[in-house]
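# Secondary and tertiary structure notes
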Amino acid sequence: MLVEIKNIDFQDYKFVIAGSGPAAISLALGLKKKTKEKILILEAGNFEFDDESQTHYEGKSVNNCGLGNLDERRIRAFGGTTMVWGGMCRPLDKQDYKSWPINKSELMPYTENAYKFLKVRKTIKSDLNLNENFNLIDFKWSEPKLNINEDYKDYLIKDKQLDLLIETAVLSIDGTNKVEHVEVYNSNLKRYYKFIPRIFILACGAVENSRILLTSKYKSNKGFLKNLEIGTEFQIHPKIEVGKSIVTMDEIKNKFNLDYFNFDRETFYIAPTEKLISEERIGNVGCRVLINKYSQKHKELLKELLCVAPTYANKILSLINENVDCAQIRFLCLFENERLRENRVSLDFQNLDTHGNPKAKLTMNLNENDKRTIRIFMEHLGKYFIDQNLGRIGVGEFYYNDKLQWDEVGQGGSHQMGGTRMGIGPNDSVVDKNLKIHNVNNFYVLGSSVFPSSGHANPTLTICQLAFRLSKHLTSIT
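These lines cover the structure that appears in this document, whether it is placed above or below. Chains are numbered independently. Their residues run from 1 in the order of the written sequence. The predicted nature of this model means local features are confined to residues of pLDDT at least 70 and side-chain atom pairs, given and counted, to a pLDDT of 80 or more, with totals for whole chains, interfaces and linings taken over all residues. Hydrogen atoms and water are omitted, and side-chain values are computed over all heavy atoms in the structure.

Each salt bridge in this description consists of a side-chain nitrogen of Lys or Arg and a carboxyl oxygen of Asp or Glu lying within 4 Å of one another. With the rule as written, the count across this model stands at 26 salt bridges. Of the charged contacts in the structure, one is a salt bridge between Glu 58 and Lys 359, with a shortest N-O distance of 3.3 Å. Of this pair, Glu 58 sits in the loop between helix 2 (51-54) and strand 3 (60-63) while Lys 359 is found in strand 18 (residues 358-364), placing the two residues 301 residues apart along the sequence. Under the scheme applied here, a residue whose accessible area is under 20% of the maximum for its type counts as buried, over 50% as exposed, and between as partly exposed, the area being computed with a 1.4 Å probe on protein chains only. For Glu 58, a relative accessible area of 32% translates into the label partly exposed. Asp 93 is the salt-bridge partner of Arg 90, the closest N and O atoms lying 2.8 Å from each other. Among the residues examined, Arg 90 registers a relative accessible area of 2% and is labelled buried. Here Asp 93 falls in the buried class, since its relative accessible area comes to 6%. Because the salt bridges share partners, they merge into one network encompassing Glu 229, Glu 233, Arg 339, Arg 341 and Arg 421. Numbering of helices and strands runs from the N terminus; a helix is a DSSP stretch of H or I covering at least four residues, while a strand is a stretch of E covering at least two.

The following block contains the structure:
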């Protein structure tokens, strides 16, 4: 039900969830299936996007890769980023879990629930091995695309177990070995409130999860969260065009399994094997191979090929003259950047919000090892194309020079991860394998902020797997 803060008793709720994006709503639905206890969802914004509310997400971004301001990549409204997301889904790879306290098999039982919630209608295919270095991989889409605001607003308003409180932002949390109060601000009544939760789950997105915890740590006079390293090892998914080639489509179709082609989007996907990642010590990469049939693009690339691979360029010219179906292909890579302590969310004490709390500051710089990941991956892929007589790949000059100012990384920069990573203990992480904050009994964090590493796959499916797993854990211990 849609409730007003002046009419509720917070002690009536076994679970209070802050946030209303995919993490929060899938958790709430998971809990509802397993318990009759009442659940309260807090949303800082309203049902519609609002410029004034959105200013609370403003924050400085210090980076060398073209990231915009923090309010450009987050939505402060019911449904969160499902209002603007692309709907692309894929689970993390087995090797992505090497730094996690859980493995891929522990999340697999929650995949079907995640599929259903995200409206992924078809099973994502297993990787198809091309050789020892590469796999063809599969993505699926939310279809029709999930929009929590449109798909769950009426449901929540009518439901008697799930209550929704909008325009109520979490400002800080305090306590000792348990949460002893949560401070919120209701922008409708313009009043501050404090309440004691029974079980509190913070699911406000990667940047805001870190900001709220850092603010709570700073304001606490009880040493709350004092030994936890919050906000560090932040990651994004840099997404950038790194190379191009001209090929004949018959050869491409003969070499690759067409079941892995997305003909609507004119693309297919290649990723490194675990062997290549391990032996070359690179990050994981998801390469979108985009097919582009515009002739002007052929001419531009052929000019470049004539300089570096004249024999192959002349072959393509003759095929074009014979009206053979040739196409330019572009290699768009979304990849795992190196985990660095200095890439982090911190508090900007020179930039305060209307409540006097510091806004978030994101430091996110890519380095030479990130360039190396792309360089090594594309060199191996180029050799594969030569060995298979598919053509020559031209890789951007940037990956061979010493510059570190990257072009704008594109949509991948919206995949924000880390800051409250999960791990074994407080010396290496913020939450444990069950997403409980270390040494705090009734406080959990949910979302991509808990990812210890990012892989290359879009994070939403994994977020929902974690949410359904958490719903089982919470109902098994209480």
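Having seen the structure, we can now continue with the description.
To continue, consider the packing of helix 1 (residues 22-34) against helix 5 (residues 148-158). Two quantities define a packed helix pair, namely the angle between the axes and the distance from one axis to the other. In this description, a line fitted to the C-alpha atoms serves as the axis of each element, helices being fitted only across the stretch in contact, and the angle between N-to-C directions of two axes falls anywhere from 0 to 180 degrees. Their axes nearest at 12 Å, the elements helix 1 and helix 5 cross at an angle of 35 degrees. Helix 1 and helix 5 meet at a crossing whose hand is left-handed. Along the contact surface, helix 1 presents Pro 22, Ile 25, Leu 29 and Lys 32, while helix 5 presents Ile 148, Tyr 152, Tyr 155 and Leu 156. Note on residue categories: nonpolar means Ala, Val, Leu, Ile, Met, Phe, Trp, Tyr, Cys or Pro, charged means Asp, Glu, Lys or Arg, and polar means any other residue, Gly included. Looking at the contact of helix 1 with helix 5, its residues break down into 7 nonpolar, no polar and 1 charged. Note on convention: the crossing is left-handed when the near helix lies turned anticlockwise from the far helix by less than a right angle, right-handed when the turn is clockwise. Note on contacts: a residue pair is in contact if any heavy atoms of the two residues lie within 4.5 Å.

Another point: the side chain of Asp 432. Along the chain, the position of Asp 432 falls in the loop between strand 19 (394-395) and strand 20 (443-445). Among the polar contacts listed, one links the side chain of Asp 432 to the backbone nitrogen of Asn 434, at a separation of 2.8 Å. Once residues within four sequence positions are removed from consideration, Asp 432 is found in contact with Met 422, Gly 423 and His 438. Throughout this description, a polar contact denotes any pair of N or O atoms lying within 3.5 Å of each other; where both atoms belong to protein, one of them has to be capable of donating a hydrogen while the other can accept it, and for residues adjacent in sequence the pair is counted only when both atoms sit in side chains.

Glancing now at the packing of helix 1 against helix 12 (residues 460-477). Where helix 1 contacts helix 12, the axes come no closer than 8 Å and their chain directions differ by 35 degrees. Our pair here, helix 1 against helix 12, has a crossing hand that is right-handed. On helix 12, the residues touching Pro 22, Ala 23, Ser 26, Leu 27, Gly 30, Leu 31 and Lys 34 of helix 1 are Thr 460, Ile 463, Cys 464, Ala 467, Phe 468, Leu 470, Ser 471, Lys 472, Leu 474 and Thr 475. Partitioned by chemical class, the residues of the contact of helix 1 with helix 12 number 10 nonpolar, 5 polar and 2 charged.

This part covers a positive patch on the surface. Residues forming no salt bridge and having over 30% relative accessible area are the ones grouped into patches, like charges within 9 Å of each other and nonpolar side chains (Val, Leu, Ile, Met, Phe, Trp, Tyr) within 5 Å. The method behind every accessible area is Shrake-Rupley, applied with a 1.4 Å probe, and residues are considered shielded solely by the protein chains displayed. Positive charges come from Lys and Arg alone, negative charges from Asp and Glu alone, with His and the N- and C-terminal ends not counted. To locate a charge, take atom NZ for lysine, CZ for arginine, CG for aspartate or CD for glutamate. Side chains of Lys 33, Lys 34, Lys 116 and Lys 472 sit close together on the surface and give a patch of like positive charge. For Lys 33, the position within the fold is in helix 1.

The strand order 3-18-17 describes an open sheet built from 3 strands, whose pairing is mixed. Two strands bound the open sheet, and with one partner strand each, they are strand 3 and strand 17 (344-352). For this sheet, the mean angle separating the axes of adjacent strands, direction not counted, is 30 degrees. A pair of strands counts as paired when DSSP detects no fewer than two bridges linking them. Bridge count between strand 17 and strand 18: 6 bridges; the pairing is antiparallel. The residue bridging Arg 344 from the neighbouring strand is Thr 363, located in strand 18.

Read these as spatial facts, not as claims about activity.
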